[in-house]
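Architecture at a glance
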Amino acid sequence: DTVIFWFRRDLRLHDNIGLYHALKENNNVLPVFIFDKEILDELEDEQDMRVNFIYKQVIHLKEALENLGSSLLMYHGNPIKFFEALEVAGVYTNHDYEPYAIKRDNQIQALLNEKNIPFKTYKDQVIFEKNEILKEDGEPYTVFTPYSRKWLKKLDSSHQEPYLIQSFYRNFKKIQPVRTLSLSEIGFKAGQYDYPSKQISGKIIEQYETNRDFPALQGTSRLSVHLRFGTISIREAVKEARKYSQKWLSELIWREFYMMILWHFPKVVTSSFNSKYDQLEWRNNEKEFEAWCNGMTGYPIVDAGMRELNATGFMHNRVRMITASFLTKHLLIDWRWGEAYFAKKLLDFELSSNNGGWQWAAGCGCDAAPYFRIFNPYIQTQKFDPKSKYIKKWVPEFQEIQYPPPIVDHQFARNRALETFDALRKEK
Ligand code: FAD
């Protein structure tokens, strides 16, 4: 009568809704983590920072479970194959809203059904999902402000209460520790990385509204990777937000907004939300793209952002907006190129937020920046990095007078972008 709990993007033993139900309803719960070969085989860097992060969390989970007299099965391969071979009394997991995951879960559901094995999945990574926040006419929101108003109206204390699992820990299946897969067995090597702490800092969040736009400060929470892999729970985060900062809460709502958009409009993965923009004539100059990737555009704030990303797997939100605007507007390079580059590099890569952020910057997304809003990198620097502290950190050779010339003149690029976007707008 063993049942499986399948960890995915919820790598924690506390306040995990699917795990709560598994343990409450059964008394032989065996957790598993699957290193999906199809996803891992696509990665180029054998010291991949995200794989290192996930691996570390999985090992933590395994140790914690072994302290409770249970263990964690580690499987490397295709999830479908794993479930095909499985004979158990049930499988529990949490919802995932990405198209790849939805397809995979549907397949697994079907094959488990054939074997009469219940497949139970739960909402865990968001407060509100799918169709829970809709307009009066039953349609999904495509504009953030009214969505967020409805979201806030619907929120009550029950949504922020943690699911207390601890009292059911006795229902983990008692087994001897199972074998630990090594990183090299899944095709990777250990790298030396400093990951952001998963402590939610009340102090940072209290001052979030004042500090959040200055990349030289520790003004944002740095919790994105933990929200991505579920090493903290969204309910904990929302509770802290309610205590300290409405503005920070609003960022957590953006996260859910983009997840909801991805679920309702999966076409955004490959196409512009506003399809008209798929007609846009991008210049797509490969040399310029390379200069952007390497932080060699001659625009210090853009270069600093790209170098921060390349060196750490993180980029401050203000600078994500500046670099994305620069690529799509100044260089007229397809937002999908930038999106793919960020996806490869960001430790906190989240399909829904990355796609939403890129489409916003390019002006083709839902509730996007208007096409004529073209960030001026110099003015952005004056406002948000007035002493060039952030720039100097990432571009040590920076000296205003000797900096290499910009790969494209700002005024020229601005006019070119306006003409290109304008032409499209006028087309019927
Ligand atoms: P904080 O400012 O402390 O915010 C708290 C949390 O709210 C974040 O951890 C994140 O989960 C969420 N959040 C904040 N801003 C946004 C936003 N604009 N959209 C959606 N969620 C948000 N965020 C990702 O998590 N993964 C991505 O792949 C990603 N790609 C982006 C690409 C572009 C072009 C842009 C403009 C933004 C992107 N963002 C992405 C959103 C945002 O930049 C990051 O969430 C934020 O910088 C993470 O830092 P933090 O944890 O200190 O955030």
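Thresholds, definitions, all that
- Per-chain numbering applies: the sequence of each chain, read as written, is numbered from 1 onward.
- Residue-level local features of this predicted model are given only where pLDDT is at least 70; pairs of side-chain atoms are given and counted only at 80 or more, and the full residue set underlies all totals for whole chains, interfaces and linings.
- A molecule or strand has a residue near it when that residue's C-beta atom, placed from backbone coordinates, lies within 6 Å of it.
- Numbering of helices and strands runs from the N terminus; a helix is a DSSP stretch of H or I covering at least four residues, while a strand is a stretch of E covering at least two.
- For this classification, Asp, Glu, Lys and Arg are treated as charged, while Ala, Val, Leu, Ile, Met, Phe, Trp, Tyr, Cys and Pro are nonpolar and the rest, including Gly, are polar.
- Segmentation into domains, and thus their bounds, comes from an automatic or database assignment.
- By the convention used here, strands pair only if DSSP detects at least 2 bridges between them.
- A crossover counts as right-handed when, viewed with the strands pointing away from the observer, the path leading from the first strand over the helix to the second turns clockwise.
- Interaxial angle, 0 to 180 degrees, is taken between N-to-C directions of lines fitted to C-alpha atoms, where a helix line uses only the stretch in contact.
- For this analysis, nonpolar core means a set of buried Ala, Val, Leu, Ile, Met, Phe, Trp, Tyr and Cys residues linked through C-beta atoms within 7 Å.
- As a rule, residues whose C-beta atom has 12 or fewer other C-beta atoms within 10 Å are exposed, those with 20 or more are buried, and those in between are partly exposed; C-beta atoms are placed from the backbone.
- A pair of residues counts as a contact when their C-beta atoms, built from backbone coordinates, are within 7 Å of each other.
- By definition in this entry, angles of less than 35 degrees are roughly parallel, angles greater than 145 are roughly antiparallel, angles of 65 to 115 are roughly perpendicular, and the rest are oblique.
- Given the number of residues in a helix, its expected span is that number minus one, multiplied by 1.5 Å.

1. Topic: the site of the ligand
Taken together, 28 residues lie around the ligand, and Thr220, Ser221, Ser224, Asn354 and Gly357 are the ones closest in. Elements supplying a minimum of two residues to the shell around the ligand: α9 (224–229), α11 (246–264), α14 (317–330) and α16 (351–362). Looking at which element gives the most residues to the shell around the ligand, the answer is α16, with six residues. Residues of the shell around the ligand, tallied by class, amount to 12 nonpolar, eight polar and eight charged. Both domains that meet at the shell around the ligand, namely domain 2 (126–161 + 200–264) and domain 3 (269–426), each give it at least three residues.

2. Observations concerning the pairing of strand β5 (residues 119–122)
Relative to β5, strand β4 (residues 90–94) runs parallel, the two sharing four bridges. Bridging from a neighbouring strand, asparagine 94 pairs with tyrosine 122 of β5. Once the chain exits β4 it traverses helix α5 (residues 99–114) before rejoining the sheet at β5, and the crossover so formed is right-handed.

3. Remarks on the sheet that holds strand β1 (residues 3–7)
Read across the sheet, five strands follow the order β3-β2-β1-β4-β5 without closing on themselves; strand pairing throughout is parallel. The sheet is open, and its two edges are formed by β3 (73–77) and β5, each paired on a single side. Within this sheet the neighbouring strands show an average axis-to-axis angle of 25°, counted without direction. As paired elements, strand β2 (residues 29–36) and β3 share five bridges and run parallel to each other. Each bridged residue has a counterpart across the sheet, and for isoleucine 34 the counterpart in β3 is tyrosine 75.

4. Side note on the nonpolar core
In this structure, Ile301 and Leu331 are the most contacted members of the largest nonpolar core, which totals 35 residues. Residues contacting leucine 331, with those up to four places away along its chain left out, are Arg283, Asn285, Glu288, Trp292, Phe326 and Val408. Grouped together as the second largest cluster of nonpolar side chains are 31 residues, Trp6, Ile17, Tyr55 and Met74 included.

5. Things to note about unusual backbone geometry
A positive phi angle, close to 50°, is found at leucine 332, a residue other than glycine. Along the chain, leucine 332 turns up in the loop between α14 and α15 (335–345). Its identity is not glycine, yet serine 388 carries a phi of approximately 55°, on the positive side. Tracing the backbone through its elements, the reader meets serine 388 in the loop between α17 (377–384) and α18 (389–394). For serine 388, a count of 18 C-beta atoms within 10 Å puts it in the partly exposed group.

6. Some words on the domain arrangement of the chain
Domain annotation for the chain reports domain 1 (1–125), domain 2 (126–161 + 200–264) and domain 3 (269–426). Summarising the inter-unit geometry, the C-alpha centres of domain 1 and domain 2 are found 25 Å apart. Opposite the 13 residues of domain 1 that make contact, domain 2 presents 14 residues. Across the side of domain 1 that touches domain 2, the residue classes break down as four nonpolar, three polar and six charged.

7. Some remarks on the environment of lysine 174
In this structure, lysine 174 sits in the loop between α6 (144–154) and α7 (202–206). By C-beta crowding, lysine 174 is classed as exposed, having 12 other C-beta atoms within 10 Å. Here the alpha-carbon distance between lysine 174 and arginine 336, two residues 162 residues apart in the chain, equals 48 Å. Once residues lying within four places of it in the same chain are set aside, the contact partners of lysine 174 are Gly69 and Ser70.

8. Describing the packing of helix α13 (residues 300–312) against α17
Think of two packed helices as two axes; the pair is described by the angle between the axes and how far apart they sit. Where α13 contacts α17, the axes come no closer than 8 Å and their chain directions differ by 75°. Comparing the axis directions of α13 and α17 gives the class roughly perpendicular. Contact residues: Pro300, Ile301 and Val302 in α13; Pro377, Gln380 and Thr381 in α17.

9. Notes on α14
The end-to-end C-alpha distance of α14, which contains 14 residues, comes to 19 Å, matching closely the 20 Å that a straight helix rising 1.5 Å per residue would cover. Counting buried residues along α14, 12 of its 14 residues qualify, which places the element largely inside the surrounding structure. When we look at burial in α14, the residues that qualify are Arg318, Val319, Arg320, Ile322, Thr323, Ala324, Ser325, Phe326, Leu327, Thr328, Lys329 and His330. The secondary structure elements touched by the buried residues of α14 are α12 (286–293), α13, α15, α16, α17 and α19 (410–426). Count one or two residues on from α14 and you reach leucine 332, which has phi positive near 50°.

10. Details of α16
For α16, which comprises 12 residues, the first-to-last C-alpha distance of 16 Å matches the rise-based estimate of 16 Å (1.5 Å per residue) to within 8%. Burial analysis of α16 places 11 of its 12 residues in the buried class, the great majority of the element. Residues of α16 that are buried: Ser352, Ser353, Asn354, Asn355, Gly356, Gly357, Trp358, Gln359, Trp360, Ala361 and Ala362. In this fold, the buried residues of α16 make contact with α11, α14 and α15.

11. Topic: the packing of α6 against α11
Running from amino to carboxyl end, α6 crosses α11 at an angle of 110°, the nearest separation of the two axes being 10 Å. The angle between α6 and α11 places the two elements in the roughly perpendicular class. Residues Phe144, Tyr147, Ser148 and Trp151 of α6 form the contact with α11, whose own contacting residues are Ser250, Ile253, Trp254, Glu256 and Phe257. Looking at the contact of α6 with α11 residue by residue, the classes come out as six nonpolar, two polar and one charged.

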